[in-house]
Amino acid sequence: MVLVDKKILGGGLAMLIVGIALISYLNSTVPIGQAGMTEEQAFDLMNRERIHKEYSTLAAILAGVGFLLVLISFGARRKKGGAKTIEKKPPEAS
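Rules used throughout
Residues numbered from 1 in each chain as written. Predicted model: local features only at pLDDT ≥ 70, side-chain atom pairs only at ≥ 80, totals over all residues. Heavy atoms only, no water. Helix = DSSP H or I, 4+ residues; strand = E, 2+ residues; numbered from the N terminus. Buried < 20%, exposed > 50% of the residue type's maximum accessible area, 1.4 Å probe, protein only. Contact = heavy atoms within 4.5 Å. Areas by Shrake-Rupley, 256 points an atom, 1.4 Å probe, with all protein chains shown as cover. Expected span 1.5 Å × (residues − 1).

**Student:** Explain the overall build of the protein chain to me, using residue names and the numbers behind them.
**Tutor:** What the protein chain contains, in helices and strands, is 2 helices and 0 strands. Every one of the 94 residues in the protein chain was classed for burial, and the buried ones make up 15%. Summarising the internal contacts of the protein chain: among those between residues at least 6 apart in sequence, 83% fall at separations of at least 24. Per element, the accessible surface of the protein chain, about 8,200 Å² overall, is 64% carbon and sulfur.

Structure (C-alpha cells):
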C-alpha cells in the first residue's frame, strides 16, 4: 500500500509536463544572429537572447518545482492509525 497524495502528485506532474514542454519549445526557437548586422539589429538580438534566457530559466524552475512536488507527494499522506506510543510503567518500589 503506497501512501500517495493524489492532488499533490497530479499538480506536480502537470507542472513537470508543462515545464518540459516549454523547455523543448524554447530550445527550438533560439534567436540567431547573422553576419553584417547593424548596431540596432545587434542590440535587438541581444535583447531577444536575454528574454529567451529568462523564459528558459522560468520554464526550468517550473519543471523543478513540479519534480519536487512529485517527490513530496509520495510521503505527504499519513496512515490513519499511525504509530502508537507504548508507555512502560516504572517498577514499583517494594
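**Student:** Run through helix α2 (residues 39-73), naming residues and quoting values.
**Tutor:** Across its 35 residues, α2 extends 51 Å between first and last C-alpha, which sits within 8% of the 51 Å expected from 1.5 Å per residue. In this fold, the buried residues of α2 make contact with α1 (6-28).

**Student:** Requested: an account of α1, with residues and values cited.
**Tutor:** Relative to the 33 Å expected for 23 residues at 1.5 Å per residue, α1 spans 33 Å between its end C-alpha atoms, a close match to the ideal helical length. Every buried residue belonging to α1 is among Gly12, Leu16, Gly19 and Leu26, and all of these are buried. On its buried face, α1 is in contact with α2.

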